[in-house]
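# Structure at a glance
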Amino acid sequence: MRAVTWHGRADVRVDTVPDPVIQEPTDVIIEVTSTGICGSDLHLIEVMAPFMSVGDVMGHEPMGIVREVGSEVTAVKPGDRVVVPFNISCGTCWMCSQGLQSQCETTQNRDQGFGASLFGYTKLYGQVPGGQAEYLRVPFGNTLPIKVPDGPADDRFVYLSDVLPTAWQAVQYAGIPQGGSVLVLGLGPIGDMAARIALHLGAGKVFGADSVPERIERSRTRGVEVISSTDQEDVVSAVRDATDGRGPDAVIDAVGMEAHGSPLATLAQKATAIVPDAIMEKVMQVAGVDRLAAVHTAIEAVRRGGTISLSGVYGGATDPLPLMRMFDKQIQFRMGQANVLRWVPDILPLLTDEDPLGVDSFATHHVPLAQAPQAYANFRDKKEGTVKVLLKP
């Protein structure tokens, strides 16, 4: 089959790789019909490169048609249409029973000290072949795949794999009061969707901060009050002016390690391109390498007693935080990988013809799998109005 594979920093290719096969009696093989490129995929060809190997199959936002099932699979059958969550969870352990599928005790990577395995995402998370491919092996066939109805285009459901539950969890963790206010830092796919969800769930004011024209326009048309800057002083001043000087009730950081600022962290990230992987891997695991501008903006912007919800991915082990300031402002922090299956029952009823979250038109580009390398480059460089890409194998 053809698949998007990792070959190094800023180097993804479409190669021919072995077709997946049933390995366990609860496995399922799906034919992928749509699969997204995520902002965290870009981390794999940049700062997280030391944890990748040449030939790794990428991608963690797939959906498709079941083509083969293991002997013990009863929940789905060949021909069923399914979405595959990005985190691999058994559905039966204690963590899964608590709605913490991202911490699944069956797939936890204990040797690395990390949580549940993820599709297509580094040896820290199991190095499981990903979904930017023509076919995908899906374990836990009775509990992991999400069955969706036939009829609507893939765009209606594919975001259940990651974008929708990640944004939904970000909003839930933000704890926005009814009629309250929230600032979303970064209006890429996750931030954009989080803003839409916050409005849908009753936030009175949703502010968004970004500097990319296409992102700004998309969010503004959905009713977001956009601050056309990512500079901390600009953002904090604007949002305080709009909230009686207090700041918003909550801030959602949808930027993560992509933030600008911190020359030392920027240097550390760039060093991954020239320092041998074995050395840089250790640096990543014991040092602070993140550009924390977005977190510092969130800490300054949020009102006293407010909440910061982190959905942006960070990669440093010892990143410094202003704990005195956080303590003084009585800030609550919530964060973590999205627990996809925890939120699906809340989200699925919204994926109707009325389309309140605008999923049917959310993708800016639909691209053949063969053109994935150029799509990655356009997404990374924010060219051709690229905000969200769906690959079509």
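Check the entry above for the structure.
As a starting point, this report considers the structure included with it. Note that the structure is predicted; figures quoted are calculated from it, not measured.

### Regarding the overall build of the chain
The helix and strand tally for the chain stands at 12 helices and 15 strands. Residues classed as buried in the chain amount to 56% of the 393 residues present. Sequence separation of at least 24 residues holds for 74% of the intrachain contacts in the chain that already meet a minimum separation of 6.

### Comments concerning the nonpolar core
Of all hydrophobic cores here, the largest spans 73 residues; its most connected members are Val 4, Tyr 159, Leu 160, Leu 164, Met 193 and Leu 391. Examining the composition of this core, we find that 8 residues originate from one element, helix H3 (residues 163-174), more than from any other. Excluding anything up to four places from it in sequence, Leu 160 contacts Val 83, Ile 146, Val 148, Pro 165, Val 340, Val 344, Ile 347, Leu 348 and Leu 351. One finds Leu 185, Ile 227, Leu 292 and Ile 308 within the second-largest nonpolar core, a separate group that totals 21 residues.

### Considering helix H5 (residues 213-221)
Taken residue by residue, H5 has Arg 215, Ile 216, Arg 218 and Ser 219 as its buried positions. Looking down the long axis of H5, one finds its buried residues gathered within 165° of arc, a one-sided arrangement. Projecting away from the buried face of H5 at angles above 90 degrees are the exposed residues Pro 213 and Thr 221. The elements touched by buried residues of H5 are helix H4 (189-200) and strand E10 (225-227).

### Some thoughts on helix H9 (residues 293-301)
Burial in H9 covers these residues: Ala 294, Val 295, Thr 297, Ala 298, Ile 299 and Ala 301. Turning to H9, the residues buried within the fold contact strand E8 (181-185), helix H6 (232-241), strand E11 (250-253), strand E12 (307-310), helix H10 (323-328) and strand E13 (332-335).

### Quick look at the pairing of strand E4 (residues 62-69)
Two elements, strand E3 (residues 28-37) and E4, share 7 bridges in a ladder whose sense is antiparallel. Paired with Ser 34 across the bridge in E4 is Met 63. Relative to strand E5 (residues 81-83), E4 runs antiparallel, the two sharing 3 bridges. Following the sheet pairing, Ile 65 is matched in E5 by Arg 81.

### What to know about the packing of aromatic side chains
Applying the stated rule across the entire model yields 3 aromatic pairs. Seen in terms of ring centroids, Phe 114 and Tyr 125 are 5.2 Å apart; in terms of plane orientation they differ by 80°. Their pairing is edge-to-face. Here the residue Phe 114 occupies a position in the loop between helix H2 (94-97) and strand E6 (135-138), and Tyr 125 occupies one in the loop between H2 and E6, the gap between them amounting to 11 residues. A relative accessible area of 13% places Tyr 125 in the buried class. Put simply, the rings of Phe 114, Tyr 121 and Tyr 125 pair up and form one aromatic cluster. Its guanidinium or amino end placed over the ring of Tyr 173, Arg 334 lies 3.8 Å from that ring's centre, counting from NZ or CZ. Directly above the aromatic system of Trp 343 lies the positively charged group of Arg 342, at a separation of 4.1 Å from the ring centroid.

### Some details on the sheet that holds E11
If you trace the 6 strands from one edge of the open sheet to the other, you get E10-E9-E8-E11-E12-E13, paired in parallel fashion. The two strands at the open ends of the sheet, each matched to only one other strand, are E10 and E13. Shown here is a sheet whose adjacent strand axes are inclined to one another by a mean of 20°, direction ignored. Both E8 and E11 contribute to a ladder of 4 bridges, which runs parallel. Its bridge partner being in E11, Val 182 is matched across the sheet by Ala 250. Relative to the sheet, H6 contacts E8, strand E9 (205-209) and E10, its axis offset from that of E10 by approximately 150°.

The rules behind these values
- Residues numbered from 1 in each chain as written.
- Predicted model: local features only at pLDDT ≥ 70, side-chain atom pairs only at ≥ 80, totals over all residues.
- Heavy atoms only, no water.
- Helix = DSSP H or I, 4+ residues; strand = E, 2+ residues; numbered from the N terminus.
- Buried < 20%, exposed > 50% of the residue type's maximum accessible area, 1.4 Å probe, protein only.
- Contact = heavy atoms within 4.5 Å.
- Core = buried A, V, L, I, M, F, W, Y, C linked by side-chain atoms within 4.5 Å.
- Arc of directions from axis to C-beta.
- Pairing = 2+ DSSP bridges.
- Phe/Tyr/Trp six-rings, centres within 6.5 Å; stacked < 30°, edge-to-face > 60°.
- Lys NZ or Arg CZ within 6 Å of the ring centre and 35° of its normal.
- Axes fitted to C-alpha atoms, helices over the stretch in contact; angles between N-to-C directions.

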